[in-house]
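Remarks on the overall topology
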Amino acid sequence: SEGLSGEVKPRVLLMGLRRSGKSSIQKVVFHKMSPNETLFLESTNKICREDVSSSSFVSFQIWDFPGQIDFFDPTFDYEMIFRGTGALIFVIDSQDDYVEALSRLHLTVTRAYKVNPDINFEVFIHKVDGLSDDHKIEKQGDIRKRASDDLADARLERIHLSFYLTSIYDHSIFEAFSKVVQKLIPQLPTLENLLNIFISNSGIEKAFLFDVVSKIYIATDSSPVDMQTYELCCDMIDVVIDISCIYGLTEEDAATGSPYDKDSMAIIRLNNTTVVYLKEVTKFLAMVCFLREESFERKVDVLSVFISIL
Ligand code: GDP
């Protein structure tokens, strides 16, 4: 577990125009705020809202683009920040006119690329909850085309942008964040391989490795992920953390603020003969597995062995 708990914290920068939804995304993904509460978030005037959270596997910072401020003024050391960044997420409000956002996107991406060509550029076409499916696809096509035309005009076609349709009102924001973070984990292929071997040799049907705080999954075996399974994992993590916070907090934990530790584990039997199993892997990570009731008794030992390999 050394490799996954130590120095490889993926660093993510969240940027976009004011009111595009950055604070809401942060609060919903990293602080368990319910989407409706974000309606009352206050707009701040700070350019950079730092939140390098020490409680999550992902470290994370937010940058605003308020109207008139020249973001690239020489007193602001953006070079240093871009150099340490793994992924730059640019949030575009799909319910608003996005001409200004696209020109900011272009400016940001080209500046950042000059400093650090290894950054992954991720565009969240956000607040799509108000749009029909057709409309979503259409919007994504339009934004993608305009952004790549801008890059082509600047002869920078080599810059690759990835696009995601997101909303804080469903799991799409977690799914998108998971994909962004997965790209930053060098051990991902190894982890996926291990998970594949693991499930093929046990009665387990599906296994995920989760960042507990953000409920981003950082790896899974190669069988497809369906939304319902993912949502079940999220519910399982919530239950474990909530129950631990209420009944499991020791004096030691109170100092660190987290009851999640190496003894954390839970088993929930669902009414359809499925068993969900959660086990701590590192300070930040948990394994969540799905298996049939009948394969359950035999397999728990295998799981412990697997986790000790990680
Ligand atoms: P920021 O200035 O970029 O940090 O933007 P905020 O997080 O303050 O969000 C601005 C507004 O957008 C708030 O009223 C949020 O409730 C709203 N918002 C954020 N995300 C979504 C979303 O996915 N869907 C919808 N419909 N509204 C959202």
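Residues numbered from 1 in each chain as written. Predicted model: local features only at pLDDT ≥ 70, side-chain atom pairs only at ≥ 80, totals over all residues. Heavy atoms only, no water.

- As recorded in an unreviewed UniProt entry, the protein goes by the name Ras-related GTP-binding protein, listed as coming from Merluccius polli.
- Recorded in UniProt under Catalytic activity (unreviewed entry), the annotation for the protein is "GTP + H2O = GDP + phosphate + H(+)".
- In its Sequence similarities (unreviewed entry) section, the UniProt entry covering the protein states "Belongs to the GTR/RAG GTP-binding protein family." (UniProt positions renumbered as here; feature names shortened; annotations may be inferred.)

1. Considering the site of the ligand
- Arg19, Lys22, Ser23, Ser24 and Asp129 are the nearest of the 18 residues found near the ligand.
- Backbone polar atom of Ser20 to an oxygen atom of the ligand: 3.3 Å apart, as the coordinates give it.
- In the environment of the ligand, an oxygen atom lies 2.5 Å from a nitrogen or oxygen atom belonging to the side chain of Ser23.
- Within the complex, 91% of the 590 Å² of free accessible area of the ligand lies under protein.
- Considering each element in turn, the shell around the ligand owes the most residues, three residues, to helix H2 (residues 22-31).
- Residue composition of the shell around the ligand, grouped by class: four nonpolar, eight polar and six charged. (Near = heavy atom within 4 Å. Polar contact = N/O pair within 3.5 Å; in protein donor to acceptor, adjacent residues only side chain to side chain. Areas by Shrake-Rupley, 256 points an atom, 1.4 Å probe, with all protein chains shown as cover. Helix = DSSP H or I, 4+ residues; strand = E, 2+ residues; numbered from the N terminus. Nonpolar A, V, L, I, M, F, W, Y, C, P; charged D, E, K, R; others polar.)

2. Topic: the pattern of salt bridges
- In total, this model carries 14 salt bridges according to the counting rule given.
- Measuring nitrogen to oxygen at the nearest pair gives 3.0 Å for the salt bridge that ties Asp242 to Lys32. Note that Asp242 is positioned in helix H8 (residues 227-247) and Lys32 in the loop between H2 and strand E2 (48-51), a separation of 210 residues in sequence.
- The exposure class of Asp242 is partly exposed, given its relative accessible area of 36%. (Salt bridge = Lys/Arg side-chain N within 4 Å of Asp/Glu carboxyl O. Buried < 20%, exposed > 50% of the residue type's maximum accessible area, 1.4 Å probe, protein only.)

3. Details of the sheet that holds strand E11 (residues 285-292)
- If you walk across this open sheet you meet the five strands as E8-E7-E11-E10-E9, and the pairing is antiparallel. Looking at the sheet topology across the chains shown, the edges are occupied by strand E8 (216-220) and strand E9 (265-269). Strand-to-strand twist of the sheet, defined as the mean angle between neighbouring strand axes without regard to direction, takes the value 20°. (Pairing = 2+ DSSP bridges. Axes fitted to C-alpha atoms, helices over the stretch in contact; angles between N-to-C directions.)

4. Considering the nonpolar core
- Within the largest apolar cluster, 62 residues are counted, with the highest numbers of intra-cluster contacts made by Ile25, Phe124 and Phe177.
- Non-local contacts of Ile25, meaning those with residues more than four positions away in its chain, are made with Leu14, Phe30, Val91, Phe124, His126, Ile168, Ile173 and Phe177.
- By size, the runner-up hydrophobic cluster in this structure holds 31 residues, among which are Leu88, Phe90, Ala112 and Phe121. (Core = buried A, V, L, I, M, F, W, Y, C linked by side-chain atoms within 4.5 Å. Contact = heavy atoms within 4.5 Å.)

5. Considerations on the packing of helix H4 (residues 99-115) against helix H5 (residues 133-153)
- With their axes 10 Å apart at the nearest point, H4 and H5 run at an angle of 45° to one another. Overall, the two elements H4 and H5 adopt an arrangement that is oblique. For the crossing formed where H4 meets H5, the hand is right-handed. Counted together, Val99, Leu102, Leu105, His106, Val109 and Thr110 of H4 and Ile143, Arg146, Ala147, Asp150 and Leu151 of H5 form the full contact between these two elements. (Parallel < 35°, antiparallel > 145°, perpendicular 65-115°, else oblique. Left-handed = near helix turned anticlockwise from the far one by under 90°.)

6. Observations concerning a negative patch on the surface
- On the surface, Asp129, Asp170, Glu231 and Asp235 cluster together into a patch of negative charge.
- Within the secondary structure layout, Glu231 lies in helix H8. (Patch = residues over 30% accessible without salt bridge, like charges linked within 9 Å, V, L, I, M, F, W, Y side chains within 5 Å. Lys, Arg positive; Asp, Glu negative; His and termini not counted. Charge placed at Lys NZ, Arg CZ, Asp CG, Glu CD.)

7. Overview of a nonpolar patch on the surface
- A grouping of Val239, Ile243, Ile246 and Tyr247 is seen on the molecular surface, where their side chains present a nonpolar patch of about 460 Å² in accessible area.
- Among the secondary structure elements, Ile246 is positioned in helix H8.
- For Ile246, a relative accessible area of 59% corresponds to the exposed category.

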